[in-house]
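Below are the chains, spelled out letter by letter.
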There are 2 protein chains.
Amino acid sequence: MRTVPPKSKHEILQRAIPMFAESGFKGVTMRAIAGRVGLTAASLYHHFPDKESLYLAALKQAFADRSRALGEALTAPAPPAERLRLLILRLCERMQRDSTFTRLVQREILDGDEKRLRLVAKQVFHEVFAAITALCRELAPACDSFLLSTSIIGLVVHYYQFTPIRSYLPGSRPEYDQAATVARHITTLLLNGINLKQESEFRSQDSE
Amino acid sequence: MRTVPPKSKHEILQRAIPMFAESGFKGVTMRAIAGRVGLTAASLYHHFPDKESLYLAALKQAFADRSRALGEALTAPAPPAERLRLLILRLCERMQRDSTFTRLVQREILDGDEKRLRLVAKQVFHEVFAAITALCRELAPACDSFLLSTSIIGLVVHYYQFTPIRSYLPGSRPEYDQAATVARHITTLLLNGINLKQESEFRSQDSE
DNA sequence: GTCTATAACATGATAGAC
DNA sequence: GTCTATCATGTTATAGAC
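In this text the structure is predicted, and so the values were computed from the model without any measurement. Along each chain, the written sequence defines residue order, and numbers are assigned to residues from 1. Note on labels: chains are lettered from A, ligands numbered from 1, in written order. Only residues with pLDDT of at least 70 are given local features in this predicted model, and only at 80 or more are side-chain atom pairs given and counted; all residues enter the totals for whole chains, interfaces and linings. To get the side-chain values, all heavy atoms of the structure are used, and hydrogens and water are removed first.

**Some details on helix α4 (residues 51–66) of chain B**
All names here are of chain B.
Here comes step 1: Over its 16 residues, α4 runs 23 Å from end to end, which matches the ideal 22 Å to within 8%, given 1.5 Å per residue.
Here comes step 2: A 1.4 Å probe rolled over the protein chains alone gives each residue an accessible area, and that area as a share of the maximum for its type sets the label: buried under 20%, exposed over 50%, partly exposed in between. The numbering of helices and of strands both runs from the N terminus, where a helix is a DSSP run of H or I of at least 4 residues and a strand a run of E of at least 2. Within α4, 12 of the 16 residues are buried, which leaves it mostly tucked inside the rest of the structure.
Here comes step 3: Those residues of α4 not exposed but buried are Lys-51, Glu-52, Leu-54, Tyr-55, Leu-56, Ala-57, Ala-58, Leu-59, Gln-61, Ala-62, Phe-63 and Arg-66. Any helix carries an expected span of 1.5 Å times its number of residues minus one.

**What to know about the interface of chain B and chain A**
Here comes step 1: On the side of chain A, 57 residues touch chain B, which itself brings 57 residues to the contact.
Here comes step 2: Defined in terms of a 1.4 Å probe, buried area is the accessible area two parts forfeit on being brought together, summed over both. Taken together, the two surfaces of chain B and chain A that pack against each other cover about 5,600 Å², and 71% of this comes from carbon and sulfur.
Here comes step 3: Counting the surface chain B buries against chain A, the share from its top three residues, B:Leu110, B:Tyr168 and B:Ile194, is 14%.
Here comes step 4: Any carboxyl oxygen of Asp or Glu that lies within 4 Å of a side-chain nitrogen of Lys or Arg is treated as forming a salt bridge with it. Among the salt bridges present, the one from A:Arg107 reaches B:Asp111, with a minimum N-O distance of 2.9 Å.
Here comes step 5: Broken down by secondary-structure element, the contributors of at least two residues to the side of chain B that touches chain A are α7 (100–111), α8 (114–139), α9 (145–161), α10 (163–166) and α11 (179–192) of chain B.
Here comes step 6: A per-element tally of the side of chain B that touches chain A places α9(B) first, with 12 residues.
Here comes step 7: Taken together, the residues of the side of chain B that touches chain A break down into 33 nonpolar, 14 polar and 10 charged. Here, residues are in contact when the closest pair of their heavy atoms is within 4.5 Å. Residue polarity follows a fixed list, in which Ala, Val, Leu, Ile, Met, Phe, Trp, Tyr, Cys and Pro are nonpolar, Asp, Glu, Lys and Arg are charged, and the others, Gly among them, are polar.

**Structural notes on the protein's contact with DNA strand C**
Residue and element names in this part refer to chain A.
Here comes step 1: Among the 11 residues in the neighbourhood of DNA strand C, the closest are listed as Pro-6, Lys-7, Thr-40, Ser-43 and His-47.
Here comes step 2: The contact atoms of DNA strand C, taken as those within 4 Å of the protein, divide so that sugar and phosphate hold 69%.
Here comes step 3: In the analysis that follows, any N or O atom pair within 3.5 Å is treated as a polar contact, provided that within protein one partner can donate a hydrogen and the other can accept it, and provided that, for residues neighboring in sequence, both atoms belong to side chains. A distance of 3.0 Å is found between a phosphate oxygen of DNA strand C and a side-chain nitrogen or oxygen belonging to Ser-43.
Here comes step 4: Take His-47: an N or O atom from its side chain is 2.6 Å from a phosphate oxygen of DNA strand C.
Here comes step 5: Examining the composition of the surface near DNA strand C, we find that four residues originate from one element, helix α3 (residues 41–47), more than from any other.
Here comes step 6: For the surface near DNA strand C, the class distribution of residues is three nonpolar, five polar and three charged. Throughout, near means a residue has at least one heavy atom within 4 Å of the molecule or strand.

**Some remarks on the pattern of salt bridges**
Here comes step 1: A full pass over the atoms with the stated rule returns 22 salt bridges over all chains.
Here comes step 2: Here A:Glu52 makes a salt bridge to A:Lys115, at a shortest N to O gap of 3.0 Å. Of this pair, A:Glu52 sits in helix α4 (residues 51–66) while A:Lys115 is found in helix α8 (residues 114–139), placing the two residues 63 residues apart along the sequence.
Here comes step 3: Judged by its relative accessible area of 21%, A:Glu52 is partly exposed.
Here comes step 4: In this structure, the salt-bridge partner of B:Arg85 is B:Glu82, at a minimum N-O distance of 2.9 Å.

**Structural notes on the domain arrangement of chain A**
All names here are of chain A.
Here comes step 1: As far as domains go, chain A holds domain 1 (9–63) and domain 2 (66–206).
Here comes step 2: For domain 1 and domain 2, the distance between their C-alpha centroids amounts to 28 Å.
Here comes step 3: Domain 1 puts 15 residues into the contact, and the matching count from domain 2 is 16 residues.
Here comes step 4: Summing both sides of the interface, domain 1 and domain 2 together bury roughly 1,600 Å²; the carbon and sulfur share of this comes to 64%.
Here comes step 5: The tally of links from domain 1 across to domain 2 stands at one salt bridge.
Here comes step 6: Viewed at the interface, domain 2 and domain 1 are joined by seven residue pairs in polar contact (both at pLDDT 80 or more).
Here comes step 7: Contributions of two or more residues to the side of domain 1 that touches domain 2 are made by α1 (9–23) and α4.
Here comes step 8: Broken down by element, the residue count for the side of domain 1 that touches domain 2 peaks at seven residues, all from α4. For the domain bounds, the source is a domain assignment made automatically or taken from a database.

Laid out in structure tokens, this is it:
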């Protein structure tokens with residue numbers, strides 16, 4: 001007997017995503033997911049061939065739903081430096097408001113075996129990462145685009161991953177929790193490096 | 001009568017550190033630690049008042065044993081840019097060869113509650129972080145030293161945390177696993193930014 | 001054909017008795 | 001130590017409801 005309308009894959013994954021983020025792959029059972037969705041464990045197997053497929057689909061969907069703004073930034077009709085600025089800003093805004101995906105990936109790095117990590121790299125990150133390296137090639141042909149891409153990602157991602165500890169470090173201030181402040185710092189650092197001649201982050205009369 | 005010499009705190013923690021890195025705070029029982037050390041669980045409580053104290057001491061010791069080279073780099077008799085270069089190189093070398101501490105911290109960020117994270121920030125990171133911000137103030141007075149410090153740490157730490165996925169991303173190459181290569185890239189990026197005006201690997205601007 | 005539930009199977013971990 | 005009972009979990013088989 002059916003009392004409720006059938007669940008779509010998207011709905012199932014939407015429920016599973018925060019569970020995997022909270023407890024990791026092994027920490028979440030098929031029965032727990034089913035319970036949260038309003039199904040039985042067996043029914044999940046109509047939508048996904050096995051637990052690992054469900055898990056990978058969850059990672060994929062979590063990333064896809066969160067990387068839309070990044071794709072827009074990367075393909076915007078603007079000079080490469082402006083696309084970089086927008087990419088970093090969107091990434092900061094996204095990570096500021098939601099740490100679910102970051103936690104998913106952190107857990108996967110800690111617990112995943114080689115085979116699954118390869119699948120994650122291929123199925124989740126490959127496309128967006130390639131787009132970022134393409135931007136880097138355009139932006140700084142003299143620089144190693146692979147290393148530069150990882151640096152851009154690392155600057156933003158680690159900043160927000162580290163937040164639970166960072167906020168208790170000496171010198172922490174409220175404005176460091178604002179995405180715009182962080183994004184501006186990172187963008188300036190990437191474009192100009194440390195050795196700013198005389199300009200502070202506030203003096204930019206020649207821009208626009 | 002005693003058949004084995006008493007264990008020092010250092011020995012106990014040395015055994016506990018990889019266990020916490022592998023399975024996190026909750027994933028390691030006092031009995032498991034005791035078994036590894038060759039003691040009973042009750043004996044551990046002679047050395048540490050509770051599990052959390054043992055855990056924090058493990059984090060502290062893991063970091064202290066691994067941050068010695070960083071302290072040397074930070075206090076070297078050299079100009080600030082050279083100290084930065086050395087700091088990054090030592091950090092890369094350390095993380096390249098041993099991911100134990102990084103995994104400890106990642107697990108702590110995922111699983112720790114606010115109170116314990118505050119203790120970690122204070123007891124583990126505070127001192128070294130303050131030394132890095134001091135270097136940043138000296139190096140780049142016009143730049144926000146707090147944000148700059150987190151960026152330096154983030155560039156290195158995230159690079160190595162991301163290794164299990166990074167190695168499967170498009171464009172990955174063997175030399176990216178060499179600490180000297182990574183350290184050089186990060187140092188150059190920090191000092192000069194993307195827009196390399198004059199650099200060793202520099203190519204003259206081609207026509208568009 | 002699509003979706004779900006009931007029941008059951010297989011394995012691995014755990015606990016307790018011997 | 002071994003054996004056994006028990007439980008949790010991924011998974012499959014089959015049948016019923018739209």
